[in-house]
Amino acid sequence: MEKQPRRVVNCATLPICLVSIVLVYATLFQSNDTIFESWGYSLSNSRSNLRSESTNIDVDSQEFLLRRLVRGDDRVRFDSDGFSCHIDVHYDVCVANTPVRIYNKGLTVYVPYDHQPLVKRIVKPYARKEDETAMIRVSPVQILHGNSTINPPPACNFNHNVTAVVFANKGFTGNVFHEINEIIIPLFITTRQFRSRLKFVVTDFERWLVDKYSRVISQLSAYDVINPDDRSVHCFPGAVIGLEYHDNLALNNHDSPGGYSMSDFRKFLRESYNLKANHVSDLRKPTLLLISRRNTRRFLNEQEMVDMMEGLGFQVIRVEPKTMMYLNEFSEVVNSCSVMVGAHGAGLTNEIFLPDGAVMVQVVPLGCEWGAITYYGGPAKAMGVRYLEYKIEPEESSLFYTYGKDHPVIKDPESVSSKGYRAFRSVYVDGQDVKINLERFKKTLVEAKKILETSIPFNR
């Protein structure tokens, strides 16, 4: 019998086989980001160092990603005109799947559309629209959408082949809660799905803020940030003006364009800052981070608190606000701790860097109950962080000795709140310090330690 010739696989068929397998898998097993999309992104990224920005963009991919940012009637308009704006109580976002020109002088975005007269929209690209005090600091961006034959846009100085994302660096920056809440998390929600194939145009540009969050920004965009102060004209194949916002320190995976959750965001932060501890069980000893305040809501008996904490077996790390400015190093400190303790305030935002299963203990001064749970306690659960609250007694507040036990400030904080936020803030936020009842507080820390011991025995 004649031998059958040995069958040789042509190397040209291998890529076809691989693509076929990927397509079949993607069809059978769908997720927020399909295997096919991820494969395509990986292939694109692996070639990114071999090509210049002048390479043609995948228009279909851009349309798909931009379309994810719009829903309902906004999507109908987007499909019809290639442009739509979503108006929310917290933010405005406009999305253009058409070539745009961004004229940095006057912060004007030209979105051509021949089938309607020119319409002007004003957007302030910062996600705290409901707060006039924040928004007064944010420069408006003018969007001109429609037929611009009569008044044509200026010529391009720079051409880009990736989508532009325009957002502001002002508002309440300088406060870590607002930086994370209104810029960093919305930036992740809006842009993570683009897999760094976009370019940021940062209005009200603050170099220190860009540097502070450089690791996050460089993970979300493979390109240098554009500072509009250069007064040039930049041309893009599409644009997003504004950032999507969900809630305080929150991501709703049902509303997120890429289906991302708070767990995904925390994983992203760990990757961006090269944090080692995913779960508290990765830590070898109970370490407690104590946020030490120097201006308001200070712990008046802080050293006694530290002595008590150490007596319970905690290694204590005391940090001050100035330390928190250096996120590259400070995020590692937080991630190495199993417990974080602090009085109500922006420093508690750093709970986002704690490992899963860690405990955050918030000391709640008089009058601060609503803000405590709304801004820090509520979001902790979605972060995988256990939350404990220590509400002080009137005698633990400096206000008790300033006003007396029968004053409305002590007995009826609501009467002060009813006078408006400024009156409330001047008393309870800016005018109050705390002297902890050590015996009462000890019970809270013992509870924290018991929670940790159910996750990991620290005597390994």
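Residues numbered from 1 in each chain as written. Predicted model: local features only at pLDDT ≥ 70, side-chain atom pairs only at ≥ 80, totals over all residues. Heavy atoms only, no water.

Tracing the backbone through its elements, the reader meets Thr190 in helix α6 (residues 176-191). In this structure, the C-alpha to C-alpha distance between Thr190 and Val93, residues 97 residues apart in sequence, is 9.7 Å. Excluding residues that lie within four positions of it along the chain, Thr190 makes contacts with Leu69, Val240, Gly242, Leu243 and Glu244. At 2.8 Å, the side chain of Thr190 and the backbone oxygen of Pro186 are in polar contact. (Helix = DSSP H or I, 4+ residues; strand = E, 2+ residues; numbered from the N terminus. Contact = heavy atoms within 4.5 Å. Polar contact = N/O pair within 3.5 Å; in protein donor to acceptor, adjacent residues only side chain to side chain.)

Here the focus is a nonpolar patch on the surface. On the surface, a nonpolar cluster with roughly 330 Å² of combined accessible area is contributed by Trp208, Met325 and Tyr326. Position of Met325 relative to the elements: it lies in the loop between β13 (315-319) and α11 (327-335). Overall, Met325 belongs to the partly exposed group, its relative accessible area being 40%. (Patch = residues over 30% accessible without salt bridge, like charges linked within 9 Å, V, L, I, M, F, W, Y side chains within 5 Å. Areas by Shrake-Rupley, 256 points an atom, 1.4 Å probe, with all protein chains shown as cover. Salt bridge = Lys/Arg side-chain N within 4 Å of Asp/Glu carboxyl O. Buried < 20%, exposed > 50% of the residue type's maximum accessible area, 1.4 Å probe, protein only.)

Turning to unusual backbone geometry, a few remarks are in order. Keep in mind that most residues, glycine aside, have a negative phi and that most peptide bonds are trans. Unlike most non-glycine residues, Leu249 shows phi in positive territory, near 45°. With respect to the secondary-structure elements, Leu249 resides in the loop between β11 (239-241) and α9 (262-272). Phi angles above zero are rare outside glycine, and Arg297 is one such case at about 50°. Of the residues examined, Arg297 reaches a relative accessible area of 7% and is grouped as buried.

Summed over all chains, the structure comprises two disulfides. One disulfide in the model links Cys85 with Cys94; its S-S distance is 2.0 Å. Because the sign of the S-S torsion sets the handedness, a value of about 110° for the bond joining Cys85 and Cys94 places this disulfide among the right-handed ones. The exposure class of Cys85 is buried, given its relative accessible area of 13%. There is a disulfide in this structure between Cys156 and Cys235, and the S-S distance comes to 1.7 Å. Negative torsions about the S-S bond denote left-handed disulfides, and the value of about -85° found for Cys156 with Cys235 makes this one left-handed. Taken as a pair, Cys156 in the loop between β6 (141-147) and β7 (158-159) and Cys235 in strand β10 (residues 233-236) lie far apart in primary sequence, 79 residues in all. According to the relative accessible area criterion, Cys156 is partly exposed, its value standing at 26%. You can call Cys235 buried: its relative accessible area is 7%. Across the protein chain, the way the bonded cysteines pair up, counted in sequence order, is 1-2, 3-4. (Disulfide = S-S within 2.5 Å.)

Purely geometric stuff here, so don't read any function into it on its own.
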